[in-house]
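Read off the chains here:
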Amino acid sequence: MVLASVALAQESPAIGWTLLDQFDKPYTATADLKVLLVAHDMAGSKLVKAALVDRPAGYLESRGAVFVADISRMPAPISKLFAVPAMRDYSYRVLLDREPRVANRFPAKADTVTWLQLEQGSVVATEQFESAEALRQAMERGTP
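Residues numbered from 1 in each chain as written. Predicted model: local features only at pLDDT ≥ 70, side-chain atom pairs only at ≥ 80, totals over all residues. Heavy atoms only, no water.

> What should I look at first to understand the pattern of salt bridges in this one?
Applying the stated criterion across every chain yields a total of four salt bridges. Between Glu140 and Arg55 there is a salt bridge, and its shortest N-O distance comes to 3.1 Å. Of this pair, Glu140 sits in helix 5 (residues 132–141) while Arg55 sits in the loop between helix 2 (42–51) and helix 3 (59–62); the two residues are 85 residues apart in sequence, bridging distant segments of the chain. For Glu140, a relative accessible area of 42% corresponds to the partly exposed category. (Salt bridge = Lys/Arg side-chain N within 4 Å of Asp/Glu carboxyl O. Helix = DSSP H or I, 4+ residues; strand = E, 2+ residues; numbered from the N terminus. Buried < 20%, exposed > 50% of the residue type's maximum accessible area, 1.4 Å probe, protein only.)

> Which parts of the structure should I look at to understand the nonpolar core?
In a soluble, globular protein the nonpolar side chains are often hidden away together inside. In this structure, Leu37, Leu60, Phe67, Trp115, Leu135 and Met139 are the most contacted members of the largest nonpolar core, which totals 26 residues. Looking at this core, the elements with two or more residues in it are strand 3 (35–39), helix 2, helix 3, strand 4 (65–70), helix 4 (76–87), strand 6 (113–119) and helix 5. Here the element with the most residues in this core is helix 5; it accounts for four residues. Every residue in contact with Leu135, bar those within four places of it in the chain, is listed here: Leu37, Leu47, Val48, Ala51, Val113, Trp115 and Phe129. Listed in part, the 17 residues of the second largest apolar core include Tyr27, Ala29, Leu36 and Val123. (Core = buried A, V, L, I, M, F, W, Y, C linked by side-chain atoms within 4.5 Å. Contact = heavy atoms within 4.5 Å.)

> Even after reading the chapter, I still don't get a nonpolar patch on the surface, so can you show me in this structure?
A surface patch of nonpolar side chains, about 330 Å² in accessible area, is lined by Ile78, Leu81 and Phe82. With respect to the helices and strands, the residue Phe82 is situated in helix 4. A relative accessible area of 55% places Phe82 in the exposed class. (Patch = residues over 30% accessible without salt bridge, like charges linked within 9 Å, V, L, I, M, F, W, Y side chains within 5 Å. Areas by Shrake-Rupley, 256 points an atom, 1.4 Å probe, with all protein chains shown as cover.)

> How should the sheet that holds strand 1 (residues 18–21) be read in this particular structure?
Spatially, the seven strands line up as an open sheet ordered 2-1-5-4-3-6-7, and their pairing is mixed. Looking at which strands have only one partner, the edges of the open sheet turn out to be strand 2 (26–28) and strand 7 (122–129). Each adjacent strand pair in this sheet contributes to an overall mean axis angle of 30°, direction not counted. Two elements, strand 6 and strand 7, share seven bridges in a ladder whose sense is antiparallel. What sits directly across from Gln117, in strand 7, is Ala125. (Pairing = 2+ DSSP bridges. Axes fitted to C-alpha atoms, helices over the stretch in contact; angles between N-to-C directions.)

Shown next as structure tokens:
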């Protein structure tokens, strides 16, 4: 389902921001970024996890993609003691949006993952995924 909110996302910078990952290592979005996956809730994060099961480390990066998880509504003790340490076992990088400073710039729908297709930092397509299988197929193709 392609959203009509592409224009809104284009007005919001899709690059130039920096977030820390689950290992507290910074990542800065540059014009080389091709796909930005955003989960606004735990259900969306679980879709990404299911779509990436059995994928090798570096799978997202090899496709010019990054994953941002909005954890701003999660109580700090829970995220610090349980959620973030559990994410360190993932085979992929999770950029943690604790404020949120990045996730709130883009369309959100509960229980989905937002896929933002980028060209030179501009959003050219936006799609919401409700199933891990559909997300996995899109990642294999490289397009939503």
